[in-house]
Structures are given as C-alpha cells and as structure tokens.
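Notes for the structure review
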Amino acid sequence: SGYFHHKSFALVGGADLDADKRQKFQKKYNKPTFADVHELMIKTKPDVVSVAVPTRHHFDVFNEVIAYSPVAVVCEKPIADSLTEAQEMVTKARDRNCVLVINYTRRFGPGTNELKKKIHDGLFGEIYKGTVWYSKGLMNNGTHFIDLLMYLFGGTSEIKLINKGRYWEGTDPEPDFSVQFGDVEVIFLAGRQEYFEMNRLELVGTNGRIEYGKGRIEYQLIKPDPVFSGGTILDNKTNKIETDSRRYQYYVFEHLSQHLNNNLPLNSNGDTAIETLKVAEQIKERL
C-alpha cells in the first residue's frame, strides 16, 4: 500500500502464486496481477519491485527480479536465509546499479529517528542496560529489535546465550540471550505468541527510561527526590514521542523517494541488513 499512497510512486501490478491473493489484490487496487514474476516484469516494466515472500524464497525471487535491472528492490526482512545468499544479493544489486532496501520499518519511522536524536543529544544520560520481549521467532521478530538497537547504538560485541528456548512453528528459534550494542547490554527474552504477542523494548539510562512498544514510544526522566535531599527519582509524568505507526510503510517509500531524487542516504540497505543477519547467525550458532 506504500506504493499506492505515496505521490512519488504508481502501483502497476503484482505477482503471486496464490490465485485468491491475486484476486484480492486486483479487487483492492484495480491493478493487473500475474502468477509469474517474469510476466510481471515484462508486461508492467516496474522501476521499483517489492519482494514480499517468505524469507526462504527471498534469494530466488530476488534473482528473478534483478535480471531485469530495476532501479530499486525493497526486500522484506531478514534479507535472506543465509549470509552467503545475502552477500550475493548485495553484490548483484551493486553490479546492476540497483538500490536495495531492506524493510526494517523502524529505521524509517519519524518516532524512531526523533528518539535516536534525543539519545545522542544526551537527554537520557548514559544508557547502560535494556530488555527486549519478543515473540514469533528470532528471525521473524527478534531481528527487528537487533536491527533497531544497532541503528540506535552501533555495532555489537559480546553475545551470550541464556536459554536455548523452543522453535516457533518448528523452524524459527526463540532463545533468551544478551547482546552488547555499543556500551549498552540488552537482554532478549522470548514470549509465547500463541497466548499474546510480545513486542517491547525498555532502555534504562542515568537520566531516565524509555519504553518502545508496538506503535508507541514513551519515556520518563528523573527529578529531585521530594523526600530524601540530594536523591533523584523517576518522574511519574510520561512523555510520548509521536510514531504515526499506521503509516509505517509510507515512510519506507518516502526515504526511498528522497534517496532516488535527492541522493539522501538510506537508513536500511543490504549492508546494514547483513550486519543484522550476522548477529542473528551468531546467536543461532550458540544453540
């Protein structure tokens, strides 16, 4: 729907093996659909293509698409099933002069970028620890927070496995683990999606705390302790950062538009996605 609503793009068609999904797409957008990627590329000649298939098919579908030298490819996260595939995708995109965007949507949201600025401006003092609750698998959902924390704090160092956990739908691991992002140690805990979704990050700093959940970013700052002189406590006042989460996909395409038209840097690309995948692979190696 980002293509449909953004003024810089015009939706021209879609492809899916599932006839029911093609029918729904055509009914909703009044655009042609195809059962074959090659037919889509030949008949609609798109400049920008989204690869929105299960991760295990990213590599194959990307290879079909890149053969037609599109201007840009927007690929769902994680970038691929393996580092070898991911690196080949990045190389092929670079060789074809194709922009490769990986759809880690949090990097593009105005709320995330406002939070990043506040962190780097020192509003929360020294952020030294965090916790993440995630569900529905390390690769499916956990990597969203790994990617977000790398965006906020930089590269990773120490990775520790706490608990091997189980596998979501038998394939995607759900371990408990900790990762050092810059100077911030973050503990990841896996919840059980079948009971309720868990999707929350808490960061603690010397001047306050941040809570980053689905569709909301809130924070509290410290204030003088009214009882004990010289001490500080968390203010009960909760401050909110506007996320505009209902348009999360729109901001991906806004960044892509700004990159293509004004050469502004992309917040998420093949190289950043590879770094995120490397961390996930290191966690999986410890299982």
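See above for the structure.
To start, this report covers the structure provided alongside it. The residue count restarts for each chain, going from 1 along the sequence in the order it is written. At least 70 in pLDDT is required for a residue's local features to be given in this predicted model, at least 80 for side-chain atom pairs to be given and counted, and no such filter applies to totals for whole chains, interfaces and linings, which use all residues. The side-chain quantities take in all heavy atoms of the structure and omit both hydrogens and water.

**Comments concerning the overall build of the chain**
Only runs of H or I of at least four residues qualify as helices and only runs of E of at least two qualify as strands under DSSP, and these elements are numbered from the N terminus. A count of helices and strands for the chain gives 9 helices and 14 strands. Expressed along its principal axes, the backbone C-alpha trace of the chain runs to roughly 75 × 40 × 40 Å. Looking at the chain as a whole, 46% of its 287 residues are labelled buried. By definition in these notes, contact holds between two residues if any of their heavy atoms fall within 4.5 Å. Sequence-distant contacts in the chain: of pairs separated by 6 or more residues, those separated by 24 or more amount to 64%. For the purpose of charge, His is not counted, nor are the chain termini; Lys and Arg are scored as positive and Asp and Glu as negative. We put the charge of a Lys on NZ, of an Arg on CZ, of an Asp on CG and of a Glu on CD. One way to put it: in the chain the 37 positive side-chain charges average out to a point 4 Å from where the 38 negative ones average out. Three exposure classes are used, based on accessible area relative to the maximum for each residue type with a 1.4 Å probe and protein chains only: buried under 20%, partly exposed in between, and exposed over 50%.

**Concerning the sheet that holds strand S3 (residues 48-51)**
Hydrogen bonds between backbone atoms are what pair the strands of a sheet, whose relative direction is either parallel or antiparallel. Spatially, S3-S4-S5 is the arrangement adopted by the 3 strands of the open sheet, whose pairing is parallel. Each edge of the open sheet carries a strand with a single partner, namely S3 and strand S5 (99-102). For this sheet, the mean angle separating the axes of adjacent strands, direction not counted, is 15 degrees. A pair of strands counts as paired when DSSP detects no fewer than two bridges linking them. Of the pairings in the sheet, the one linking strand S4 (residues 72-75) to S5 comprises 4 bridges and is parallel in character. Bridging across to S5, Val 74 finds its partner in Val 101. Contacting S3, S4 and S5, helix H8 (residues 248-262) runs over the sheet at an angle of about 160 degrees to S5. Between the N-to-C directions of two axes lies an angle of 0 to 180 degrees, each axis being a line fitted to C-alpha atoms and, for a helix, fitted only over the stretch in contact.

**Quick word on the packing of aromatic side chains**
Any two rings among Phe, Tyr and Trp, with Trp reduced to its six-membered ring, count as a pair given centres within 6.5 Å; such a pair is stacked if its planes are under 30 degrees apart, edge-to-face if over 60, and tilted if neither. Under the criterion given, the structure shown has 7 aromatic pairs. Where Phe 177 meets Phe 188, the ring centres are 4.5 Å apart and the plane angle is 15 degrees; that geometry is what we call stacked. In this pair, Phe 177 is assigned in strand S8 (residues 172-181) and Phe 188 in strand S9 (residues 184-190), connecting sequence segments 11 residues apart. Phe 188 matches Phe 177 in its accessibility class, with the two residues each being buried. With a centroid separation of 5.5 Å and 90 degrees between ring planes, the pair formed by Tyr 250 and Tyr 251 is classed as edge-to-face. A relative accessible area of 14% places Tyr 251 in the buried class. An aromatic cluster is defined as three or more aromatic residues linked by ring pairs; in this entry it consists of Tyr 134, Phe 177, Phe 181 and Phe 188.

**Observations concerning the pattern of salt bridges**
Salt bridges are defined as contacts in which a side-chain nitrogen from Lys or Arg sits within 4 Å of a carboxyl oxygen from Asp or Glu. Across all of its chains, the model carries 17 salt bridges by this definition. Between Lys 117 and Asp 121 there is a salt bridge; the shortest N-O distance is 2.7 Å. Overall, Lys 117 belongs to the exposed group, its relative accessible area being 53%. Salt bridges sharing common partners tie together Glu 202, Arg 209, Glu 211, Arg 216 and Glu 218.

**Considering the nonpolar core**
Residues belong to a common nonpolar core when they are buried Ala, Val, Leu, Ile, Met, Phe, Trp, Tyr or Cys residues joined through side-chain atoms within 4.5 Å. Among the nonpolar cores identified, the biggest contains 56 residues, and Ile 79, Leu 100, Ile 146, Leu 149, Phe 153, Phe 181 and Phe 188 are the most heavily contacted of them. Per element, the largest residue contribution to this core is 9 residues, and it comes from helix H7 (residues 138-153). Those residues in contact with Phe 153 that sit more than four places away from it in its chain are Ile 119, Ile 127, Phe 181, Gly 182, Val 184 and Leu 203.

**Some words on unusual backbone geometry**
Residue Pro 78 is reached from Lys 77 by a cis peptide bond, and omega for that bond is -15 degrees. Here Pro 78 lies in the loop between S4 and helix H5 (83-95). One non-glycine residue with positive phi stands out, namely Ser 69, at about 50 degrees. You can see Ser 69 is positioned in the loop between helix H4 (58-66) and S4. Accessibility expressed as a relative area gives 39% for Ser 69, which makes it partly exposed.

**Focus on the pairing of S9**
In terms of strand pairing, strand S6 (residues 127-134) meets S9 through 6 bridges, oriented parallel. Bridging from a neighbouring strand, Tyr 134 pairs with Ala 190 of S9. Taking the residues that link successive antiparallel strands as the turn, the S8-S9 hairpin has 2 residues, and the phi of Gly 182 there is positive, at about 60 degrees.

**What to know about H8**
Spanning 15 residues, H8 covers 21 Å between terminal C-alpha atoms, matching the ideal 21 Å at 1.5 Å per step. Where H8 is concerned, the buried positions are Gln 249, Tyr 251, Val 252, Phe 253, Leu 256, Ser 257 and His 259. Buried residues along H8 sit in contact with helix H1 (2-5), S3, S4, S5 and helix H6 (110-120). Once H8 ends, the next one or two residues include Asn 263, with phi positive near 60 degrees. In a helix, the anticipated span is given by 1.5 Å times the number of residues less one.

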